[in-house]
Amino acid sequence: MAADNDQLESEVFEITDFTTASEWERFVSRVEEVLTGWKLTAEKAKSTTRGTWEEESEEIHFADFRFHITHCFLKQESEEDDLTDRNEEDILPSAMQDLLCMQNDFPPRAHCLVRWYGIQEFVVITPGTNSEAVISESKCNLLLSSVSISLANSGCQIPMFVQIQQKWRRIYAGECHGPGVRTSFEMVQLRKVPSQYNHLSGLLDIFKSKIGCNLLPLPPVDIAIRFTYILQDWQQPIWPQQPPDFDTLLGGEVGGVEFGNLPFGACEEPISELHLAATWLHLTEGIVVDNDVYSDLDPLQAPHWSVRVRTSENPQCLLGDFVTEFFKLCCRKESVEDILGRGYAEEEGKVLKDLPTAKTVECSPAAPVIGASPEDKVMRPAPQQRNASEAADISSALSKLTEPVAAVPLPKLSVSSMVHSARKHIHRHRHIDESPLHIDILKSILLYLFPDAAVEKSSDSQSKMPTNSSKTSEEKLCDNLVLQLKSAPTDSLTYRLALGLCMVNYSYGGLPAVAHLWQEFVLELRYRWENNYLIYGLAGGPPDLRCCLLHQKLQMLNCCIERRRRRDEAPSGMGGSRQREHKASCGQGPSSAAATSSNQAKSWDSWSDSEDEFFECLSDQEDTESLRSERGPDSGKGKAEGRLHPYNDLTLLNSMEPLYVPVTQEPAPMTEDQLEEQSEVLAKLGTSAEGSHLRARMQSACLVSDMESFKAANPGCVLEDFVRWYSPRDYEEKYEVDEKGNKVLTGELSARMKIPGNMWAEAWEISRVTPARRQRRLFDDTKEAEKILHYLTMQKPGDLARHLLPCLLHAALLKLQQEESVEKIPSVEKNIQQAITQANLLLHSGSYDYKKLEDFINQLVVMETVITRARSLKDKFAVDKGEPGEATEELKKFVSSLLEEPEVVVTGAGQGLTGRIIHRLFLNAQRAALLVPGDDDLEPERKKAGESGKTSDFPSPAGREIILRTYVPRPAPYSKALPQRLFCVLMKEEFRLAGAFSSDTSFF
């Protein structure tokens, strides 16, 4: 048995499967799959044209090592050539043809491999983001072998590169395969330039020894040279911004402007460097001499000049800083009390009631007074007078305890309340020094916001906005921006408030100053409300729902003030009724007095919420008679009141009396938040019959008021008469034949008016005979004004910034348009239009997307930077200093091209107009660097002696690029002649040689 087991064990042997793919084979196969997927296996020749660079990328793995394989190609504008009829053996791959193409030399913006080899399409394999660099020689050779096998197996004729060594060195090695030919791409990179290769002659020796051509004479080597000179010292005497003026009130800030204007421009030089590239093309070895002793390469004699500018990274721009700092306020959550302190806010908020003399100023009684805090109305006490003033305040507070107080309610009589009031009076002067805003700056801002307070004006013209019947195109553009951005008119108080708060936030104290100014602003609004002064800078009429909510609130407050003034100015009694009715017909609304002789001690505020509130308080006898006539059993026989004019010669259906248009109340204006609130309330009633009925009754307040006015103006009228005037389409008329055969015009209510339970019929039944002047007000201006003032008082600085952000962005876009119209930069003009469209979407949304708004503001900063760069270049090239002509137009076109294109060719090189200006810039910089005086600064005696400030016109080149190429057979003299190329870069801290050497593989 044991023998059998030994025999079986001897027959078992290990099997090695050599068909299993290794990691290296999987990597090669994966590369071939990617090349096939990108359809790079079929070669198509391409013509050399301009286009746009595009790329596609995928991720591949070699075991656990991750690589990125990227296909870069120039998407050309011209059609590709058809090569089907040509012999494929005679065609070199496109990459080999590109090696000798001189049109691909020194591209302005492209991949480094494109600049070094002039190719238009290639594939590159780079290590992954977190992968290690391929440094060891064995790994480099393994990758190059993989590339060679993949190209041979797939038949791809596009060059493929592999990045090796450290990534910062940018060293690539690669190959390109064609029918019987192969090109090897090799590279050398050093920190320092070897002395023997620091000139053209030494580089030619390297190139010739590398190609190893034994032909005599040696084929000529074509040479292209580019020297790059950098100008950093502009010697510019003009500041980017005007220096601050410390003598003015608002001075001390760089780029400071008056209130109402936004600053603009950079605080530093936006153009850091100018790169001049002097290029020599199509040179041969015997034409030019450049060795360690002598060089023919003078930049002034170069046939081609091109210029590019290097801009400063993120220069400080004033407009962008202003908007950005204001935008940061939107994220703040502190309230005014948190910022200023509860005691300060209470003292400022109640100072009008505690200090009746706080509004004493030297101005006309009819003119509004700026500000609401005592600091703005009284003179600041001198330091030596404060102790005496405080003592007087204390004695005044104690004397109040012994004064007769018959008019004051008993609960308010307490020692603590008197002492508290006196304490606030004492601390009033201390807050002047502690307030975030200086008193002079605060007065200037408030005068900017309320300019009508500085001049005595009639009360009727205080709030009128300047109107112009014929608007210019710029004004129409501003109006269009208001609608698109949901902002406010540029001449409105809201717009000025946004600019004022923005400047205060940036230059005069930040968040505390904003809170202080907002508190003063609200107090000024309350003062105007309590003293019936219209708010300047707001259009009349109801709130404009197309503007921002804060602007609507201010318009609503102005409506309240206007309604209140009408009541206060209306004459008492019946004598003025006709005049008031005529005013109502002109759209001014009914008027009423604030108090009458019967209740002079009773203000509007004490009875405005009463159910028996009327527009006009009549005498007791007249009021009793009117109420008796309203509530009598026969209400249709009363005296007509509140008539405006006959309506289209119509008569009442039940009599031959003319049908009169009544004087009606104006509907209550509403802001958008009130409309939303009303819509939510109505929506919550549901769709049931009871909910629909209740919703209809809530919406019929104005209808009932108009019915009561109509009944008072047309005694004996019926519902049909009201419908004929109010909704003519709901009264259907037709001709009928009577008993005598005559055609008679008859009419009846429409079908919807005859529906049982119709709201119009119910409203007609419950409406009384009451003219508009004695009806309960549809719009309670006192209540609405207090609600608005409370709403404004409770606003936090962050909420305020969100309300005013559309106005500030509106102002910023207008500023950009204004500055762009001067510089005329097409790209900026296009970007501004796109920004307006984008802002329309961002600002009309229910809630702001702060990330998108931040990106939008960054776009505005970029546009400001471009305009600032254009101004800097125009100043450097003296574009606007010369007389208009062809030369000026040439300079304008050159400067505009510098902003739009990566590199601009200088017409005429160093001998042209632009070239001479560039030469002068370099010469001035050289003289300043070497402290050499100019020819104008030399003394006459030294000039006669022949001395001058001669120095080198240009500094040493910052970079030298040399391209050497030829067409020789390799590796043997009888091989096919193929392109050879060597690109050389000589810089202060870099020496690079990028060679592409082709060889014939038919017999080798």
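Structural data are supplied above this passage.
All of these numbers come straight from a predicted model, not from anything done at the bench.

Caption draft 1: A look at a nonpolar patch on the surface. The grouping of Val289, Val293 and Tyr294 at the surface amounts to a nonpolar patch, some 320 Å² of accessible area in total. The residue Val289 is located in the loop between strand S8 (271-284) and strand S9 (304-311) in this model. Under the relative-accessibility criterion, Val289 is labelled partly exposed at 35%.

Caption draft 2: Fine view of the side chain of Gln555. Within the secondary structure, Gln555 is located in helix H18 (residues 549-569). When its relative accessible area of 3% is taken as the criterion, Gln555 is described as buried. Reaching out from Gln555, the side chain makes a polar contact with the backbone nitrogen of Asp544 at a distance of 2.7 Å. With sequence-adjacent residues up to four places away left out, Gln555 is seen in contact with Leu538, Ala539, Pro542, Pro543 and Asp544.

Caption draft 3: Examining the side chain of Arg970 more closely. Counting through the fold element by element, Arg970 comes out in the loop between strand S15 (959-969) and strand S16 (977-987). No salt bridge is formed by the buried Arg970. Its closest oppositely charged neighbour is Glu186, at 6.8 Å. A polar side-chain atom of Arg970 sits 3.2 Å from the main-chain carbonyl oxygen of Ile211. Ignoring sequence-local partners within four residues, the contact set of Arg970 consists of Lys210, Ile211, Ser975, Lys976, Gln980, Phe997, Ser998, Ser999 and Asp1000.

Caption draft 4: Molecular detail of the packing of aromatic side chains. Summed over the entire model, instances satisfying the criterion amount to 26 aromatic pairs. Taking 6.5 Å as the distance between ring centres and 50° as the angle between the ring planes, the aromatic pair formed by Trp53 and Phe122 counts as tilted. Linking Trp53 in strand S1 (residues 51-62) with Phe122 in strand S3 (residues 121-127), this pair joins segments that are 69 residues apart in sequence. A relative accessible area of 32% places Trp53 in the partly exposed class. Judged by relative accessible area, which is 0%, Phe122 ranks as buried. Taking the centre distance of 6.1 Å and the plane angle of 85° together, the rings of Phe122 and Phe161 count as edge-to-face. Linking Phe122 in strand S3 with Phe161 in strand S4 (residues 160-164), this pair joins segments that are 39 residues apart in sequence. Taking relative accessible area as the criterion, Phe161 reaches 0% and is therefore assigned buried. Members of the aromatic cluster, each reached through a chain of ring pairs, are Phe710, Phe722, Trp725, Tyr726, Trp760 and Trp764. Here the guanidinium or amino end of Arg564 rests over the ring plane of Trp529, the centre of that ring lying 4.4 Å away.

About the thresholds
Residues numbered from 1 in each chain as written. Predicted model: local features only at pLDDT ≥ 70, side-chain atom pairs only at ≥ 80, totals over all residues. Heavy atoms only, no water. Patch = residues over 30% accessible without salt bridge, like charges linked within 9 Å, V, L, I, M, F, W, Y side chains within 5 Å. Areas by Shrake-Rupley, 256 points an atom, 1.4 Å probe, with all protein chains shown as cover. Salt bridge = Lys/Arg side-chain N within 4 Å of Asp/Glu carboxyl O. Helix = DSSP H or I, 4+ residues; strand = E, 2+ residues; numbered from the N terminus. Buried < 20%, exposed > 50% of the residue type's maximum accessible area, 1.4 Å probe, protein only. Polar contact = N/O pair within 3.5 Å; in protein donor to acceptor, adjacent residues only side chain to side chain. Contact = heavy atoms within 4.5 Å. Lys, Arg positive; Asp, Glu negative; His and termini not counted. Phe/Tyr/Trp six-rings, centres within 6.5 Å; stacked < 30°, edge-to-face > 60°. Lys NZ or Arg CZ within 6 Å of the ring centre and 35° of its normal.

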